[in-house]
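# Overview (structure and organization)
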Amino acid sequence: MLKNHLVTNQHVIGDIQKYIYKNNELAFVELSYYLESERKPIKIESQVFLDSLIFCRHENSWDYAVLRIPELEIENIYNFELGNPDLLKVGDDIAFLGFPLGVEHLTCSYGIVSALYQSNNVDKIQLDANVNPGSSGSPLFRPDTGQVIGIVTRKRTGLEDKFEENKSILSEFAKQLHINSGLDFFVNDIDYPANLQDFKHIQAYTAQVAIDVYSEIGKYISAGIGLAYSIKHLNSNQCYIDL
């Protein structure tokens, strides 16, 4: 939270938006926050959540989103302060929060800045720290001051392109098997094996399972480089200054 506004990655919000649009009957989005070390869930109507986005930058750019959610403003939630990312140096200590690998408890990870560089006009902070799925959107802060100097984004393993290429091939294969099977529902909704009546159905189901397993393997490859994007753009953004 910054100035009573929720700040996270755009790709995190984008994933939630896609899920809402895909599931038209999804009435609520459930968020949670910590108050005095206690995790508190809140439910927000889906449309209210969609309307709460006031500013964002695409994940291929600065990858951040700013949301104004009244349910979070009325609680005494800790608000971070923005620091000066220009003072950051290689070797500086950093820390970030998150729910890595789907754990249910808030986790603090610690490390150092291993590199500072610019790519596609974005100031990036390379981390010697354990960034995993569930770390995205975390504030990257200085442990000594608590001031935020970046937003943690995705981990790069060097294998993403190959994984995505193979996943695309598997997805196309599954799509064709799904069409050929004549199923009028998604194969991952099938209760195997009771609802599978013939070999074509089994093929379609198996292909979908392969995609799901392959996607999970991609999430948990341990070797990788943690990345965060500098909050320089957010810090200078007129939308944020006026909050």
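Since this is a predicted model, take the numbers as computed values, not measurements.

Our focus in this paragraph is the layout of surface pockets. Approximately 1200 Å³ is the volume found for the second largest pocket. Sorting the residues of the lining of the second largest pocket by element identifies β1 (6-8), α1 (10-22), β2 (28-35), β6 (93-98) and β10 (148-152) as the ones contributing at least two each. Element by element, the count of residues in the lining of the second largest pocket is highest for β2, at seven residues.

Let's shift gears to the nonpolar core. Counting residues in hydrophobic clusters, the biggest one holds 16 residues, and the most contacted among them are Leu31, Phe49, Ile69 and Leu72. Counting residues per element, the ones that place at least two in this core are α1, β2, β3 (38-45), α2 (46-51) and β5 (64-67). Considering each element in turn, this core owes the most residues, four residues, to β2. Leaving out residues up to four positions away in the same chain, Leu31 has contacts with Lys40, Pro41, Ile42, Ile44, Phe49 and Ile69.

Time to look at the side chain of Asp123. Along the chain, Asp123 turns up in strand β8 (residues 122-128). In terms of polar contacts, Asp123 uses its side chain to reach the side chain of Gln118, at 3.1 Å. Setting aside residues up to four positions removed in sequence, Asp123 forms contacts with Trp62, Tyr117, Gln118, Ala228, Tyr229, Ser230 and Lys232.

Turning our eyes to something else, we now look at the side chain of Asn9. Here Asn9 is to be found in the loop between β1 and α1. What makes Asn9 buried here is its relative accessible area of 0%. A distance of 3.1 Å separates a polar side-chain atom of Asn9 from the backbone oxygen of Asp63. Excluding residues that lie within four positions of it along the chain, Asn9 makes contacts with Asp63, Tyr64, Ala65, Ser136, Gly137, Ile151, Val152 and Thr153.

Summarising the element assignment, Ile77 is placed in the loop between α3 (70-73) and β6. Since its relative accessible area comes to 11%, Ile77 is described here as buried. Remark: the alpha-carbon pair of Ile77 and Met1, spanning 76 residues in sequence, is separated by 7.7 Å. If near-sequence neighbours (up to four positions away) are discounted, Ile77 is found in contact with Met1, Tyr33, Leu35 and Leu72.

Overall, antiparallel pairing links the six strands, which are arranged β6-β7-β8-β11-β10-β9 in a closed barrel. Adjacent strand axes in the sheet meet at a mean angle of 45 degrees, parallel and antiparallel pairs treated alike. Note: strand β9 (residues 139-141) against β10, three bridges, orientation antiparallel. Looking at the pairing, Phe141 lines up with Val148 of β10.

Burial of strand β11 (residues 226-230) is extensive: five of the five residues sit out of reach of the surface. Across four bridges, the pairing between β8 and β11 is antiparallel. Looking across to β11, one finds that Leu127 is bridged to Gly226. Looking at chain direction, β10 and β11 are connected through three bridges and run antiparallel. In the sheet register, Val152 faces β11, and the bridge partner there is Ala228.

Conventions we followed
- Residues numbered from 1 in each chain as written.
- Predicted model: local features only at pLDDT ≥ 70, side-chain atom pairs only at ≥ 80, totals over all residues.
- Heavy atoms only, no water.
- 1 Å grid on protein atoms, 1.4 Å probe; cavity = no way out; pocket = protein on both sides within 12 Å on 5 of 7 lines; lining within 4 Å.
- Points joined across faces, edges and corners; volume = space filled by probe spheres on them.
- Helix = DSSP H or I, 4+ residues; strand = E, 2+ residues; numbered from the N terminus.
- Core = buried A, V, L, I, M, F, W, Y, C linked by side-chain atoms within 4.5 Å.
- Buried < 20%, exposed > 50% of the residue type's maximum accessible area, 1.4 Å probe, protein only.
- Contact = heavy atoms within 4.5 Å.
- Polar contact = N/O pair within 3.5 Å; in protein donor to acceptor, adjacent residues only side chain to side chain.
- Pairing = 2+ DSSP bridges.
- Axes fitted to C-alpha atoms, helices over the stretch in contact; angles between N-to-C directions.

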